[in-house]
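What follows is the residue order along each chain.
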Amino acid sequence: MRTAVVVGAGIGGIAAAGALARTGWQVTLLERDDRLRPGRGALVLWPNGVRALRGLGLAGGLDGIATPVPPVGIRRPDGQWLVRPAAAAGEDVESPPVVVHREDLHDAFIAGLSDQVDIRNAIDVQPARVRRDRPAVGDGRSTFEADLVVAADGVQSAVRRRLAPATTFTSAGFAAWRAVIPWYRIPDLPPGLPPHGETLDGAHRFAFASLGERGSSGGSTRGGISWVATVPGALRPEPPAGQLALLRRWFAGWHAPIPQLLAATEPDDLVQDPIGELAPLPETFGVRAGAGGYALVGDAAHAMPHHLAQGACLALEDVATLQAVLTNVPGPLGPALDEYSRLRRPRVARVLQQTRKASAVLQPRGGFTSRAMGAALGRANPRVLDRAAAAAAEWAGPASS
Ligand SMILES: Cc1cc2nc3c(=O)[nH]c(=O)nc-3n(C[C@H](O)[C@H](O)[C@H](O)COP(=O)(O)OP(=O)(O)OC[C@H]3O[C@@H](n4cnc5c(N)ncnc54)[C@H](O)[C@@H]3O)c2cc1C
């Protein structure tokens, strides 16, 4: 039986562990945290992410937990349109993205793990314990060897730091906060507000989406409203209550429901993230070692700013592709890992390019005034963002990466 060690139990790692185990591999899943925890907040899954889930046999897990988010346009802080929604502009909107609570998605993935997965918590893999001559990793106390090591250990990946040391995280000059206000704390909002929206001034960005009320999205008991706020600058050192006070000040006077949502948010709801990208991309996402090797997956391979909300979708594409190239490989894994990288790296580079285009329009370095922002969006063609999003979401399946 083939063996795999998966490092990191985020979306990419749990999906990879389940995918390999369901195709007959013996899998060990290593996580540095003391238990498997779902990420906080919510995720938008674009059609490519949903297609990848379908390829992994997990799309059924979205039943009852996914809420569609058709294009809704972009507003200025005073509520005026910067970009009208595609549907209002007379365009067809097929297969809109969906929003899911990360806890719901985590549960769906856990349900997809088979008993072929041995889960080891509190294992903090160290770069110096990643072997180049054979697929083996360790934390200084134990060593884990297998035919394949899947590096799904996120943006600061210890495995990538050893295998692709030239690749580092480069800040985009922004920090982001995300939160879900649970359904039982949702504030009274003015009637007629759309269930999701996005608002920009030239530097700050606020996006929100309803996850539905309890029971209204079927099996999920985690309805509520999810929001993401992005602002220029580095991570804030204040405790969460201080960060929340700053957010309320930065977005004071913005149109409804933004101040109301921030007022209903509690410090413990907040998650703060640095925004940036891995540069340069690792030369290869598949690294041969002995008769086996390593596969880089998700943020460990290609973390990028969240402007097109594609990071988790790409991680799922990675896993669907990895599963496809590894099916029924009789001999050494090298050729399959080369094929994995051949399929994935150009696709990721294209999405990164679209993300940079979107970032340049949505949150340029140095910022814009609101008026310059409107002019810039007008000049750049208001559909530039729709086109970037559509290009990123174009992915037909593992063979077409
Ligand atoms: C504000 C924001 C909004 C976003 N919105 C979206 C969205 O709407 N849609 C979308 O598709 N993407 C979105 N993303 C991107 C998405 O969150 C990430 O791309 C995705 O979560 C990456 O998953 P991952 O499994 O690769 O990494 P992670 O989720 O970072 O998981 C890595 C795991 O590895 C573990 N680990 C780390 N180091 C070690 C080690 N040395 N040893 C053992 N374990 C280790 C960690 O504890 C963690 O469990 C967003 C990102 C941000 C910042």
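Right above here is the structure, for reference.
The rules behind these values
- Residues numbered from 1 in each chain as written.
- Predicted model: local features only at pLDDT ≥ 70, side-chain atom pairs only at ≥ 80, totals over all residues.
- Heavy atoms only, no water.
- Pairing = 2+ DSSP bridges.
- Helix = DSSP H or I, 4+ residues; strand = E, 2+ residues; numbered from the N terminus.
- Contact = heavy atoms within 4.5 Å.
- Axes fitted to C-alpha atoms, helices over the stretch in contact; angles between N-to-C directions.
- Core = buried A, V, L, I, M, F, W, Y, C linked by side-chain atoms within 4.5 Å.
- Buried < 20%, exposed > 50% of the residue type's maximum accessible area, 1.4 Å probe, protein only.
- Parallel < 35°, antiparallel > 145°, perpendicular 65-115°, else oblique.
- Left-handed = near helix turned anticlockwise from the far one by under 90°.
- Near = heavy atom within 4 Å.
- Polar contact = N/O pair within 3.5 Å; in protein donor to acceptor, adjacent residues only side chain to side chain.
- Nonpolar A, V, L, I, M, F, W, Y, C, P; charged D, E, K, R; others polar.

Some remarks on the sheet that holds strand E7 (residues 98-101)
- Read from one edge to the other, the open sheet built from three strands follows the order E3-E7-E4, with strand pairing classed as antiparallel. With partners counted over all chains shown, the strands left at the sheet margins are strand E3 (42-45) and strand E4 (67-68), one partner each.
- Across two bridges, E4 lies against E7 in antiparallel orientation. Paired with Thr67 across the bridge in E7 is Val99.
- This element, helix H3 (residues 102-111), spans E3 and E7 of the sheet and lies at about 80° to E7.

Structural notes on the nonpolar core
- Counting residues in hydrophobic clusters, the biggest one holds 91 residues, and the most contacted among them are Leu45, Val125, Val137, Leu148, Val159, Tyr294 and Leu326.
- The greatest single-element share of this core, amounting to ten residues, is contributed by helix H9 (residues 334-362).
- Formed by 19 residues, the second largest nonpolar core is a distinct cluster that contains Ala175, Phe206, Phe208 and Ile225.

So, the packing of helix H8 (residues 311-326) against H9
- H9 packs onto H8 with a crossing angle of 155° between their chain directions and a minimal axis gap of 9 Å. By the angle between their axes, H8 is roughly antiparallel relative to H9. The chirality of how H8 crosses H9 is right-handed. Of the residues in H9, those in contact with Leu314, Glu317, Asp318, Thr321, Leu322, Val325 and Leu326 of H8 are Ala336, Glu339, Tyr340, Leu343, Arg344, Arg347 and Val351.

Overview of the site of the ligand
- With respect to spatial proximity, 31 residues lie near the ligand, and among them Gly12, Glu31, Val44, Arg102 and Asp299 are the closest.
- One of the side-chain N or O atoms of Asp299 is found 2.8 Å from an oxygen atom in the ligand.
- A distance of 3.2 Å is found between a nitrogen atom of the ligand and a backbone nitrogen or oxygen belonging to Ala309.
- Within the residue set of the shell around the ligand, elements represented by two or more residues are helix H1 (11-22), E3, strand E12 (168-182), strand E16 (271-279) and H8.
- Per-element tally for the shell around the ligand: the top contributor is H8, with three residues.
- Within the shell around the ligand, the residues separate by chemical class into 15 nonpolar, eight polar and eight charged.

Some words on the packing of helix H2 (residues 47-55) against H8
- At a closest axis distance of 8 Å, the pairing of H2 and H8 adopts a crossing angle of 30°. Accordingly, the angle class assigned to the pair H2 and H8 is roughly parallel. In the crossing of H2 with H8, the sense of the turn from one axis to the other is left-handed. On the side of H2, the interface is formed by Asn48, Gly49, Ala52, Leu53 and Gly55, while H8 contributes Cys313, Leu316, Glu317, Ala320 and Gln323.
- Here the residues of the contact of H2 with H8 sort into five nonpolar, four polar and one charged.

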